[in-house]
Amino acid sequence: MKTVILPVILFLLGRVDIAGASTQPPTLTTTPCPNPGTVKITGDYLRIVGTADEPALFEATLEPYHRCYQGQVVFSWHCRRNASSSLGSSTPVPVAQYRASSVDSSGNNVYTAACGDVDFRELSGAGSAIRLNQSTMDSGATYVIKVNATLGGASVDFAQELHIIDGGPLPVFSIRCRKNCLETLKHKELKLEASCATGCTSTSSSSSGSSWWRNRRRSRTSWLYRWQLYEENTETGEVTEIPDLAAMTNSGTSRAELKVEKNNLEPGKKYRFRVKGTKSDGSSWSFKEYHVHSPPKYNVNCSVAPKTGFAAGTGFIITADVPVEVTSEEDIDYSFFSAGSLLSEQRSSVAGPYRLQSGDAGTGFLVTIKVQANGDEGFYSECSVNASVLPPVKPPVGVWQDTLYLAYEAELEIDQADAATAATLAVGIVDLLDQVLSADSNPAQTLRDQGFGDLMAEALNSSVHYPSPTAPPLRSGLIFARDWSSGATIDDMTNMLPAGTPGSGETKLQMYVRSNLIDKLSARAADLLDVSSLHQGTDGLVKLLGTGDYVYAESQFTAAESLHIYARNLHEAVLAEGHQIDGDQIFHISEGIHNGLGAVMQNFMDEKGVSRTSSAISWSSMLPTVLGQFEETTDLLTRDLLRGSFSDSPPVVFDLPVGIVLYQKHKKDNIQKGAFAEERSQGFVSLPDSDAVFGNDTDENIINSKFVAFTRNPMTWDPETEPRSSVLSLDFFDETGNRLPVQDTGQPLQFYIQNYDKPGFPNVTFMNESSVADNGVTYHKMDVDNETTPTPVLVMLIPPTHVIAYQVYMQYNEPPTPDNHNFTTVIPPLEIACDVNIHEHSGRDVTALFPWVYPEINGSYYIGVKELGPRECRKVPGVSYADVKSKINGAPDDESYSLAILTPQCVWWEKNGEDQWNPSGCTVGPNTTVSYTQCLSTHLTSFGSDFMVPPNSIDFSTVFAKFANLSDNAAVFSTVIVMFGIYFIIIYFLYKADKLDRLKWGVLPIADNNESDEKFYLLTVYTGMKAGSGTSSKAGIILHGADGDTGPRPLAASKNQVFKRGSISSFLLSTSVDLGDLTHLHVWHDNSGAGGDSSWFLDKIVVGDLRSDKRYVFFCQRWLAVEMDDGRVDRFLSAAGRDELTNFSSIFQERTRHDMSDGHLWFSVASRPTRSHFSRVQRASCCLSLVFLTMITNAMFYRTDDSVRQQVYRLGPFVFTPTQLWISAVSTLIVFPANFVIVYVFTKSRPSPGKTKLSSTGSFYKIPSSASKLYRDSLKRQNGKKKQSGLPHWCVYIGWVLVFLSATGSAFFVILYSMEWGAEKSGEWLTSILLSIFQSVLIVQPLKVLLLGLLIAFIFKKLGKAEMMEAGALDDDEEFLPQPMDAKDVRPPVKPVSCRASDDVQLAAARTLRLKEARMRTILWDVFKHFLVVAVVFYIAFSSGATVGYHMHKSLKGRFPTFQRINSVDKLWTWSNTELLGVLFAQNGSKLLDDQSFRVGAAAFKQFRSRPGDCRTNITAFPTCKLDYTMEQHEEGDFSPAWRPLPDRDVNSTRCRQDCANDTAWTFTKGKSLPYFGEVKSYMDGAYMFEIGNDPEEAVSIMEHLQEHDWLDGFTEAVVVEINAYNANADLFAVMTLMVEFVVGRGFTPTRNIHVFKLSSYVGTSGQLMIGFQITFVVLFALSLFREGKKMFHQKRMYFCQPWNCLEFLRLLICVVAIVFFSVKEGLRSSYVSQLKTRDGGFLSFRIMAAFSDVFSSILAFLVFVMTLQFLQLLSFNRSIGVLFHTLRKASDKIAAFLAMFSVVFIAFSTTGGLLFGSEANSYMTLLTSARTLLVIMFGDTSFKDMSANHVIIGRIFFVSFVILGVMILSNMFLGILDEQFSTSKNDPSGPGGDSDMGEFMVNKALLFFGIGTRSVRLRAPECEESRGDGEMTEHVQELEEKLDLVLKKINSL
């Protein structure tokens, strides 16, 4: 309470005193007033005045100032003339006083003739300010002015040094501190900047009356600066100059800026920095001083415990140690940082325990911990220490639990108003969230695999002694206050989240944690006011936000608002605390704010994000808000970020996902040289001089700029004039942060804006051909319809290589001529076109800008192009006509130019309440190109640009004339004619098929129907769609009803009844009795079909009772086959109930099958469904209409994309761009409605009514008229229930008219378009149209069928009713078909029974036979398929490899015959100067290495060096020696020639000659390729390298220089020469590596490697054939993969128990690897070719490409090997081969035991041979070479010489022992094992098994095919004794019935 009341009392007492001061003398008050802190005099420590200036004002100010000082502080002034450099530290007793001579207008005393004594004298009567008349002082003298301020018993004083200079007025300089600006410096660099403040310029004016001010201008004045440093003795006041200031700074002492490096000033002293500014003409000068105290000499030390731990699992304690000498004098504040994130700020030197975020595995998980110590008396020091922080090793569930508990802890801190601590916790939370994203189920094992097992063990031990902080107890009311440990799985924790939380799985948890913590932190954003808390808050918020992929859109919006608040709070903190704030901390916070806002803007611009709720996200409303926050934030941070920057220093740059933000400080006069004027991809700005930009409106000398360049337009809510380009914005501010207005500038501001193609925006049209007039001018027409503002026309013309240039004309509304045109120009300009050294033109060279001609630019523009010949170059001075002619003659002449016509436009963003793009007042400049639009404006805002590209059009005035050259452009015309021809051919066959359909879809009578029957049933039999579903076996059926059954009846109308795959057959079955409601049926067949036609897959049977109008559905969907399913050939089917009929699966399957055959327009031509009056001819006609409509829409929108480099995608032989895909998709969508109308007219038009012919059907064919009548009555009853639907029949003719018009009209206009385009563009267009047609066939139509099937199935399922079967729609005379003539011979097949065992035996025999037949077909198919696959792989393998590479290898190898004889350094240099250079420069001016191989790029000469090291041996001491070269340890430093260390000042002090290329030979070049593998060691690609280019003289000079300076010395380990060669005739590429290794003892080992490979796979005709084989390979591979995957799914682990399955799995795995390697190889090839083009003859290593090619060839070779082995499996049906397999399988155990014994013996001999003979014989040098030599001996190639050379006795013993034991005994033992098992297997009664018996069966089937052999087993009548009599009786009765029928027929005929 005291602290609140006391100030109020003091305030009231103060008011009483003030109120009474006017009426009575001051009374004694008890108000305490703080002692004054410091007192300063205007001008600081030093001041300069001129004798001609007005009397100088000296004003004293107290800091800090309090109101109570008013009237209570007493000021006393003293002055003296300075006789020495000392200012004096005490006030002497004055001898006399100087009295005031006058008083100025402000009441201040003015003193004249004062301060002349060398002793201090008091200036009597002085107040807080005085004036001195310096005109009475001595010019050139120095005076000291001193002020003393006294309050009570306390006083402070300040002394200022005054210099008097003759003349005046003098300029006044100021020194601004940019960095490290406290009075006592920190251990950091110091930045000072001097500038002239006043009196810097002069003005001149004219005397033109009243307008004199209009001509007032500011004169330019330049100043020369010189900095000096003085040290002041704080005790005596003596000042001493320090002469070596230049050594302390890297900015020099002669610039306005001074940068003093840290630790250059002696600690604990006071220094003066003086800058003297002199006008360039020497007419005026002045100087200024800046005083500082250097930092104390003490430092802080820090430590961390433990040194190793886990993120979130270990509590780290950080300790800072400050010397007691400091802590006893000052209060220290400590700041603790981890990986750049602020952990805390506190007074205690011990901090923690902290949970630290994990480090990077690449650095051993090291995390840098930094501690800063700040004292209140100026002490500052910092230290750092490292700790290894490993990621958590818990499983993902455990990590999630830790994460959620940390989130609760952070939420609790926020709830307790400690948002900064919560943000620090958030950094650790994000670290854990990133860990769970890696989806590592066993992180501990991962760390062990990475080699961090020991470090993990240490961390586990540390976590025991230093556990992480304990989580606080749960408190209700918080969203994360849950018992997360109860969740055993991630799904459990997900289910604990609130209902309705969006997302699923771990993504759901990620979004929930991040978004809620962002919302919580944002709620406390306004509480973070100081820089430290803002540092913590920004780190936490930006880490949580990340890229925004796991944050709700609403939370992203909230985060943007919070970052905006952070920026505002940071700005206010910087204003309040000034230089107390560290600039690095400001940058860190600003960087986080920029990155966070950039991520949110990127997501909002892409409309990418998930809503927290189910409502739609309003992107259009949130994006403007975020963009406004971004703009305001960048405005605020401009001053804060640049306060520590020098003028014209490098900018502060933030590279964001949406663009770039650039801040920079400038001198006003250098504003046009800012970094925003540097060319960059987004665009740049070019400004005139500062006077033109700012005029006379500002006196600021230092200006801050903010440049923002968005890669694309963020202001998308104004779509009418939305620019499709980058967007640039430039703003200027003074140093206080106020915006400087820039408007109505004297000269235009130039904005160069990058253009880009927005998705959906039409590309630039390149026109390759148009009409050609008689005068040789080719014309192009462009229609412009611009409703906003007139713009110029931009013409880009790219000439072919055989043409020098073109004369281009432009004319409005009519074609131009050379004599009549509006404008003309030459593209490219002749001075550029005729320069033979220019091989590629820039965009500006081939672009011309034609300004507008009339006020209204809308209309037609004609561009005329005329070729110019090489003679035009004679007009260009200095050009050789012969050189130009030679250049043209060497170029191909079959190319044409490319022309693009565009109209650029500039717009600017209008902010004044409009928020829209405005095109007015912003014009297009003459330097506009396709890449950049130059926009000219006289004001500053955001600028964008656009290109209005005209659509494709047809010029009817010229198009028909182009038909004269039809032969040159016949691709499209021929395609149209061929398509119509194919259509008419197909129509002929489809018409005949339509006629057959009427017969095929009719109702056939069952063969044994009786005329007297009166009960009729309509049977519809559906055969399945599976492979082999159809059958030719005899089928039978029995219908069972509630009142009886039909008995066995044939399911056939004739003897040749066949049920084809996918067929729907209808039969009429008659009975004499009513069966009642049908309950089930029995269906079977007799398995009599031939081969695979004996099996039958029955889908269902639908039976309709024609009398009761009831339908029964009997689902089967099973096989009736002896070899399939359960082996049965009969099924009992029950009638489907309501639930089965309304089953979703049944309805969907039925509907999809129907729609695929009817709804798919293309497939239905071949599979027209039952009873559909939409004929095949009509369907084919609709397809023709669809194709031509697609072609015309594609042609209307088609653009070639040569103007903009787009990503080109290759899919085998197909090459396409995203634009082509987009056009094909748009064309498909436009065509769909038109085609739908035509199809609808045909499908909905009713058929024409037919005539009834019942007389013939009822009498002649034994089909009773009653049956036909019943069927018609049934149809009438159905039609009576629903009204007749559809269109009248005459609408069919409308459909035919539409087909004719759409097809012929589209074809006509397509041909016209092709005439406009020309041959090249027409050919490209055909690719796009093929994509559209494929989309229709493979995507649109199947998708329509699938969606329609799903919809109908769902509707019927919902309604609970079955879909009605098709009732039929045939004409009256087509419903029943006549009975075939052989119907009387049809009998029902024998019904299968199981009364005797003989029936089972017959079934088993038939099943065995069918399985063998199926296996035979499988074997034959597998053999054929494998032959096909092997043929394809063989072709690819032999074509991909360098089959003729041996000859190139031999030729290149022979070019270096003496290389292997190099055995010394001198011989190496000799070889390099003679043979090497002789090969590289064999022909002057040519790159030929031999007769056909060309060198590609430069050759590389590389050296690998060892590092020098200490030599310590037990024998003697050596001065230096080299360390052993390893991949990790080798020399990487840079040197001067002769391997001398680089000098400190001049790195390039010694050169062979100016710009000599050998400097790189002494500089280490880091490699990007594979290591080099030599005979002795392996070497990293990084080396000391120089290139041997195309200049032989330079190469010789380099070699001589290097040899003179001992480039090869004792530290050289190896030398490599790498050369790339290409043989165009064989299309082979070669990489030659010539290596010489310097081995121990100065031995030399030359190694020569030449890798020959194919660089491109598609060259010439063989390349096209290769494409076909590769596509075939991929298709066959996909089929094999599907087959094996299906087999693996069914067999599970048993799949790998079969060796052949393992071999097939290996083959597929190799195929996958081959495809991946091929893709990588092609990508590398493209990359290397692109790099080679940009190297301009430089060296590029192709060794990675060579290695990939070698590996790819090896993979193909291994694949060929495996596939060849697979032939053994296909031949296993042969018994002899089966015996061999059986032998190996049975002897596997013995062979394994033998191999184990053989391996032991062989390894023993190999190691012994290596140890005995390795030091003398090369063949035994290593264990591998020793083993290889012994294997060669085993196979008969004996080489005893290597053993006997130095080991006569031991060598012979070794040789004899190995021959006896290894060759004789072990080899014969192996043969004995195989021989014994082969005899056993051959006589094994069980046989080899498998398919070994299939050989005999296949031979028998072949004999049977040729008419030799026996018939297959068939089912015959069962021989049941009890049923034999009944069967015979039935046969007799049937025979009697037939005879009676014949008698009755004869009687009726009479």
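Being a predicted model, the structure only gives us computed values, none of them experimental.

1. Points about the overall build of the protein
Reasoning step 1: For the protein, the helix and strand inventory stands at 38 helices and 72 strands.
Reasoning step 2: Among the 1950 residues that make up the protein, the fraction classed as buried is 47%.
Reasoning step 3: Residue pairs at least 24 apart in sequence account for 72% of intrachain contacts in the protein once pairs closer than 6 positions are excluded.
Reasoning step 4: As displayed, the protein has an accessible area near 95,400 Å², and 56% of this comes from carbon and sulfur atoms.

2. Some details on the nonpolar core
Reasoning step 1: In this structure, Phe 480, Val 513 and Leu 521 are the most contacted members of the largest nonpolar core, which totals 86 residues.
Reasoning step 2: Considering every element that reaches this core, the biggest residue donor is helix 4 (residues 419-437), with 11 residues.
Reasoning step 3: Apart from the residues lying within four places of it in its own chain, the contact partners of Val 513 are Trp 400, Leu 404, Ala 407, Ile 429, Leu 433 and Phe 480.

3. Description of the sheet that holds strand 18 (residues 257-260)
Reasoning step 1: If you walk across this open sheet you meet the three strands as 12-13-18, and the pairing is antiparallel. Looking at the sheet topology across the chains shown, the edges are occupied by strand 12 (172-179) and strand 18. For this sheet the average axis-to-axis angle between neighbouring strands, irrespective of direction, equals 25°.
Reasoning step 2: Of the strand pairs in this sheet, strand 12 and strand 13 (residues 190-198) are connected by seven bridges, and their pairing is antiparallel. When the sheet's bridge partners are listed, Ser 174 is paired in strand 13 with Ser 195.

4. A word on the state of the cysteines
Reasoning step 1: For the structure shown, the criterion picks out five disulfides.
Reasoning step 2: Disulfide pairing places Cys 302 opposite Cys 383 at an S-S distance of 2.3 Å. Taken as a pair, Cys 302 in strand 21 (residues 301-305) and Cys 383 in strand 28 (residues 380-390) lie far apart in primary sequence, 81 residues in all.
Reasoning step 3: The exposure class assigned to Cys 383 is buried, which follows from its relative accessible area of 11%.
Reasoning step 4: The partner cysteine of Cys 834 in its disulfide is Cys 873, sulfur to sulfur 2.0 Å. Since a negative S-S torsion denotes a left-handed disulfide, the Cys 834-Cys 873 link at about -85° is left-handed. In this pair, Cys 834 is assigned in the loop between helix 14 (830-833) and strand 41 (847-850) and Cys 873 in the loop between strand 42 (859-868) and helix 15 (881-889), connecting sequence segments 39 residues apart. Each member of the pair, Cys 834 as well as Cys 873, is classed as buried.
Reasoning step 5: Cys 1183 takes part in no disulfide bond, and the closest cysteine sulfur, belonging to Cys 1182, lies 7.1 Å away.

5. A closer look at the packing of aromatic side chains
Reasoning step 1: All told, the structure shown has 52 aromatic pairs when counted by the stated rule.
Reasoning step 2: The positively charged end of Lys 1692 is found above the aromatic ring belonging to Phe 1689, 4.6 Å away from the centroid.
Reasoning step 3: The ring of Tyr 1572 carries Arg 1743 above its face, with NZ or CZ at 3.6 Å from the centroid.

6. Observations concerning the packing of helix 8 (residues 505-523) against helix 9 (residues 531-545)
Reasoning step 1: Here helix 8 crosses helix 9 at 150°, and the two axes come no closer than 9 Å. Relative to helix 9, the element helix 8 lies roughly antiparallel. Crossing of helix 8 over helix 9 shows left-handed handedness. In this structure, helix 8 uses Arg 514, Leu 517, Ile 518, Leu 521 and Ser 522 to contact helix 9, whose residues at the interface are Leu 541, Lys 543, Leu 544 and Leu 545.

7. Section: the sheet that holds strand 16 (residues 223-232)
Reasoning step 1: In spatial order, the strands read 17-16-19-20; together these four strands make up an open sheet with antiparallel pairing. Two strands close off the open sheet at either side, each with one partner strand: strand 17 (239-242) and strand 20 (285-293). Here the strands of the sheet are splayed against their neighbours by 30° on average, with no regard to which way each runs.

8. Regarding the pairing of strand 70 (residues 1612-1623)
Reasoning step 1: Counting buried positions over the 12 residues of strand 70 gives 11, a clear majority of the element.
Reasoning step 2: Sheet analysis places strand 60 (residues 1493-1495) next to strand 70, joined by three bridges and oriented antiparallel. What sits directly across from Arg 1495, in strand 70, is Ala 1621.
Reasoning step 3: The pairing of strand 70 with strand 71 (residues 1628-1639) spans 10 bridges and is classified as antiparallel. Of the residues in strand 71, the one forming a bridge with Val 1616 is Met 1635.
Reasoning step 4: Where strand 70 hands over to strand 71, the hairpin turn is made up of four residues, of which Asp 1627 adopts a positive phi near 55°.

9. What about the environment of Cys 302?
Reasoning step 1: Exposure remark for Cys 302: the relative accessible area of 18% places this residue in the buried category.
Reasoning step 2: Between the alpha carbons of Cys 302 and Ile 318 there is a distance of 7.2 Å; along the sequence they are 16 residues apart.
Reasoning step 3: Setting aside chain neighbours within four positions, we find Cys 302 in contact with Thr 319, Ala 320, Val 371, Cys 383, Ser 384 and Val 385.

10. A few points about the environment of Leu 1866
Reasoning step 1: Looking at the element boundaries, Leu 1866 is found in helix 36 (residues 1848-1882).
Reasoning step 2: Of the residues examined, Leu 1866 reaches a relative accessible area of 3% and is grouped as buried.
Reasoning step 3: Each C-alpha atom of the pair Leu 1866 and Phe 1794 lies 8.4 Å from the other, and the pair is 72 residues apart in sequence.

11. Focus on helix 12 (residues 619-642)
Reasoning step 1: An ideal rise of 1.5 Å per residue puts 34 Å on 24 residues; helix 12 measures up with 34 Å between its terminal C-alpha atoms.
Reasoning step 2: Largest kink in helix 12: about 30°, centred on Leu 636.

12. Structural notes on the side chain of Ser 358
Reasoning step 1: Relative to the helices and strands, Ser 358 resides in the loop between strand 26 (350-354) and strand 27 (366-375).
Reasoning step 2: You can call Ser 358 buried: its relative accessible area is 14%.
Reasoning step 3: Reaching out from Ser 358, the side chain makes a polar contact with the side chain of Gln 435 at a distance of 3.1 Å.
Reasoning step 4: Once you skip the residues sitting within four places of it in the chain, Ser 358 turns out to touch Ala 311, Val 367, Val 389, Leu 390, Pro 391, Asp 431 and Gln 435.

13. Topic: the packing of helix 10 (residues 553-577) against helix 11 (residues 583-606)
Reasoning step 1: Running from N to C, helix 10 and helix 11 cross one another at 155°; their axes reach a closest spacing of 10 Å. One way to sum up the angle between helix 10 and helix 11 is to call them roughly antiparallel. Viewed along their axes, helix 10 and helix 11 form a crossing whose handedness is left-handed. Mapping the contact onto sequence places Ala 553, Gln 556, Phe 557, Ala 560, Leu 563, Tyr 566, Ala 567, Leu 570 and Val 574 in helix 10 and Ile 586, Ile 589, Ser 590, Ile 593, Gly 596, Leu 597, Val 600, Asn 603 and Phe 604 in helix 11.
Reasoning step 2: Along the lines of polarity and charge, the residues of the contact of helix 10 with helix 11 split into 14 nonpolar, four polar and no charged.

14. With respect to the pattern of salt bridges
Reasoning step 1: A full pass over the atoms with the stated rule returns 51 salt bridges.
Reasoning step 2: For Arg 178, the salt bridge identified is with Glu 193, shortest N-O distance 2.9 Å. Of this pair, Arg 178 sits in strand 12 while Glu 193 is found in strand 13, placing the two residues 15 residues apart along the sequence. There is no split in this pair, since Arg 178 and Glu 193 are both buried.

15. Regarding the confidence of the model for the protein
Low pLDDT marks stretches whose predicted atomic positions should not be read closely.
Reasoning step 1: For the protein, per-residue confidence averages 76 on the pLDDT scale, and residues scoring 70 or more make up 75% of the total.
Reasoning step 2: Confidence over residues 1199-1215 falls short of pLDDT 50; this stretch has 45 contacts with residues more than four positions distant or in other chains.
Reasoning step 3: Low pLDDT, under 50, characterises residues 1910-1925; the predicted model gives this stretch 30 contacts beyond four residues in sequence or across chains.

What counts, and where the lines are drawn
Residues numbered from 1 in each chain as written. Predicted model: local features only at pLDDT ≥ 70, side-chain atom pairs only at ≥ 80, totals over all residues. Heavy atoms only, no water. Helix = DSSP H or I, 4+ residues; strand = E, 2+ residues; numbered from the N terminus. Buried < 20%, exposed > 50% of the residue type's maximum accessible area, 1.4 Å probe, protein only. Contact = heavy atoms within 4.5 Å. Areas by Shrake-Rupley, 256 points an atom, 1.4 Å probe, with all protein chains shown as cover. Core = buried A, V, L, I, M, F, W, Y, C linked by side-chain atoms within 4.5 Å. Pairing = 2+ DSSP bridges. Axes fitted to C-alpha atoms, helices over the stretch in contact; angles between N-to-C directions. Disulfide = S-S within 2.5 Å. Phe/Tyr/Trp six-rings, centres within 6.5 Å; stacked < 30°, edge-to-face > 60°. Lys NZ or Arg CZ within 6 Å of the ring centre and 35° of its normal. Parallel < 35°, antiparallel > 145°, perpendicular 65-115°, else oblique. Left-handed = near helix turned anticlockwise from the far one by under 90°. Expected span 1.5 Å × (residues − 1). Bend = angle between axes of the 7 residues up to and from the residue. Polar contact = N/O pair within 3.5 Å; in protein donor to acceptor, adjacent residues only side chain to side chain. Nonpolar A, V, L, I, M, F, W, Y, C, P; charged D, E, K, R; others polar. Salt bridge = Lys/Arg side-chain N within 4 Å of Asp/Glu carboxyl O. pLDDT = per-residue confidence, 0-100.

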